[in-house]
Amino acid sequence: MLNIYQSNPERLKTSEQITNILGLVLAFGNYMNGGNVARGQADGFELEILPKLKDVKCRDNSSNLLQYLVCAYIEKFDEGEQDNGWIYHVTTTFEGGGGGSSFCSLTTGKVFLKIIGVIFSKNAGTVNSQFPLPEPNDLKVASQVTFEDMEEAIGSLRRQLESCERKLSKVMNGTTEDLKQPFVDVMYSFLEQSRRELSEQDQALEDCKKRYTLLWKFFSSKNPAACTPPQEFFELWTKFSSDFLSFWKKEQQLIAKQMYEEKKKKIYSEKVEGLVVKPAKITGLKLKLASSRKMSQEST
């Protein structure tokens, strides 16, 4: 459990893939809010906007901003060779407005999206394509456990260990020397290992608390005193990662299908080019009838 708390914060902070995704979100938001000086020149945004990206629909409701984000990431950053000629175009038609976030238009407006010049990266649609976010299940586990629960669990283990030590002492005092072995050595080894592991868990918990505090400060511009609980923070990422994964799989399957169709057409065209069509030879009864008809025409 603590391993998940230790690994997720580091990946969220240091992952280049996540940086690219958040950069695209910021670029899209600034572009769509371009008519507003305050909102169209934002340097960042609050994470609360991430689960709401899928609510920004296109005019015919056939797509949304999150799906477009997935497409844009796959085309530009999916571990492939970047193409400087890659471009995207976003035309916005907003209805409504308001809200306190610099990205309020993303949650209240409607946007029409269109991709120009689709250039897939070399890994898109293949087994080499890697999901860029932490797995939703790992984030869900992190969002369901609190530091208070961990402290209580470690405290319970410590009390059980102390109880075991008291029982061992009681047994030792009431047992003769010739009956103590090998029980004594086994129990002392067990207690020593338990103390060591319990101490490691204590240190890991303190390390997780520090990591989470640094992670929250990394993503938030609010006062450190207003640090949100880990459950709320990881719940935002869980929803975003889960929705992103859903569209990610669909796009990868679509790209794989397109690649298969293109490969099949290429193989078929190569086979057709290598074929030589020869005129059919007339033999048997057809040849006799044709010869007879020709002779009759010549005689007339």
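For every chain, the first residue of the written sequence is number 1, and numbering continues from 1 along that sequence. Local features are withheld for residues below a pLDDT of 70 in this predicted model, meaning they are given only at 70 or higher, and side-chain atom pairs are given and counted only at 80 or more; totals for whole chains, interfaces and linings count all residues. Side-chain descriptors were evaluated using all non-hydrogen atoms of the structure, hydrogens and water having been removed beforehand.

Novice: Can you help me understand the packing of helix H2 (residues 16-32) against helix H3 (residues 65-77) in this one?
Specialist: A packed helix pair is summarised by two numbers, namely the angle formed by the two axes and the spacing between the axes. Packing of H2 against H3 brings their axes to within 10 Å, and their N-to-C directions diverge by 125°. By the angle between their directions, the pair H2 and H3 is classed as oblique. For the pair H2 and H3, the crossing hand works out as right-handed. Taking contact as the criterion, the partners of Gln17, Asn20, Ile21, Leu24, Val25, Phe28 and Met32 in H2 are, on H3, Leu65, Tyr68, Leu69, Ala72, Tyr73 and Phe77. By residue class, the composition of the contact of H2 with H3 is 11 nonpolar, 2 polar and no charged. Interaxial angles span 0 to 180 degrees and are taken between N-to-C directions of axes, which are lines fitted to C-alpha atoms, for helices over the stretch in contact. Under the DSSP-based scheme used, a helix requires at least four consecutive residues in state H or I and a strand at least two consecutive residues in state E, with every element numbered from the N terminus. Note on angle classes: values under 35 degrees are labelled roughly parallel, values over 145 roughly antiparallel, values of 65 to 115 roughly perpendicular, and the remainder oblique. Take the far helix as your reference; a near helix turned counterclockwise from it by less than a right angle gives a left-handed crossing, and one turned clockwise gives a right-handed crossing. By definition in these notes, contact holds between two residues if any of their heavy atoms fall within 4.5 Å. Just so you know the grouping, Ala, Val, Leu, Ile, Met, Phe, Trp, Tyr, Cys and Pro go in nonpolar, Asp, Glu, Lys and Arg go in charged, and all remaining residues, Gly too, go in polar.

Novice: Would you take a moment to explain the packing of aromatic side chains for this structure?
Specialist: Geometry of aromatic contacts follows a simple scheme: Phe, Tyr and Trp rings, the Trp one being its six-membered ring, pair when their centres are within 6.5 Å, and the pair is stacked under 30 degrees between planes, edge-to-face over 60, tilted otherwise. According to the stated counting rule, one finds 15 aromatic pairs in the structure shown. A centroid spacing of 5.4 Å and a plane angle of 85° characterise the contact between Phe233 and Phe234, whose relative ring orientation is edge-to-face. Among the residues examined, Phe233 registers a relative accessible area of 4% and is labelled buried. Note on Phe234: relative accessible area 0%, which makes it buried. Only protein chains enter the accessibility calculation, which uses a 1.4 Å probe. A residue is then buried if its area is under 20% of the maximum for its type, exposed if over 50%, and partly exposed in between.

Novice: What should I look at first to understand the environment of Leu215 in this one?
Specialist: Positionally, Leu215 belongs in helix H7 (residues 183-219). Separated by 203 residues in the primary sequence, Leu215 and Leu12 have C-alpha atoms spaced 8.0 Å apart. Sequence-distant contacts of Leu215, that is, excluding residues within four places in its chain, are made with Pro9, Leu12, Lys13, Phe233 and Phe234.

Novice: How do you make sense of the confidence of the model for the protein when you look at a structure like this?
Specialist: When pLDDT drops low, the exact placement of atoms in the prediction is not to be read closely. Every residue carries a pLDDT, the predictor's confidence in it, which falls somewhere between 0 and 100. Residues with a pLDDT of 70 or more make up 76% of the protein, whose mean pLDDT is 77. In this model residues 80-120 is a low-confidence stretch, pLDDT under 50, and it forms 94 contacts with partners more than four residues away in sequence or in other chains.

Novice: Quick question: what am I supposed to make of the side chain of Asn64 here?
Specialist: Relative to the elements of secondary structure, Asn64 occurs in the loop between H2 and H3. Given a relative accessible area of 6%, Asn64 falls into the buried group. We define a polar contact as two N or O atoms separated by no more than 3.5 Å, with the added condition that, inside protein, one atom must be a possible hydrogen donor and the other a possible acceptor, whereas residues neighbouring each other in sequence contribute only through side-chain atom pairs. At 3.0 Å, the side chain of Asn64 and the backbone nitrogen of Leu66 are in polar contact.

Novice: Looking at this structure, how should I read unusual backbone geometry?
Specialist: Of all residues except glycine, most have a negative phi; of all peptide bonds, most are trans. Not every positive phi belongs to a glycine, and Asn61 is a case in point at roughly 60°. Turning to its location among the elements, Asn61 is positioned in the loop between H2 and H3.

Novice: Can you walk me through the layout of surface pockets in this structure?
Specialist: The method is simple in principle: a probe with the dimensions of a water molecule rolls over the atoms, and the space it marks as empty is what remains. With a 1 Å grid spanning the protein atoms alone, the term cavity applies to any set of points in which a 1.4 Å probe fits but cannot get out, the term pocket to an open set with protein on both sides within 12 Å along at least five of seven lines, and the term lining residue to any residue with an atom within 4 Å of a point. Grid points are joined across faces, edges and corners, and a volume is the space filled by probe spheres set on the points. Taken as a whole, the largest pocket holds about 260 Å³ of empty space. Around the largest pocket, the lining comprises 14 residues; the ones closest to its centre are Leu22, Phe45, Leu47, Phe218 and Phe219. Of all the secondary-structure elements, those providing two or more residues to the lining of the largest pocket are helix H1 (2-14), H2 and H7. Each residue belonging to the lining of the largest pocket can be placed in one class, and the counts come to 8 nonpolar, 4 polar and 2 charged. Here the second largest pocket is characterised by a volume of approximately 200 Å³. Lining the second largest pocket are 13 residues, with Glu48, Thr228, Glu232, Phe233 and Leu236 sitting closest to its centre.

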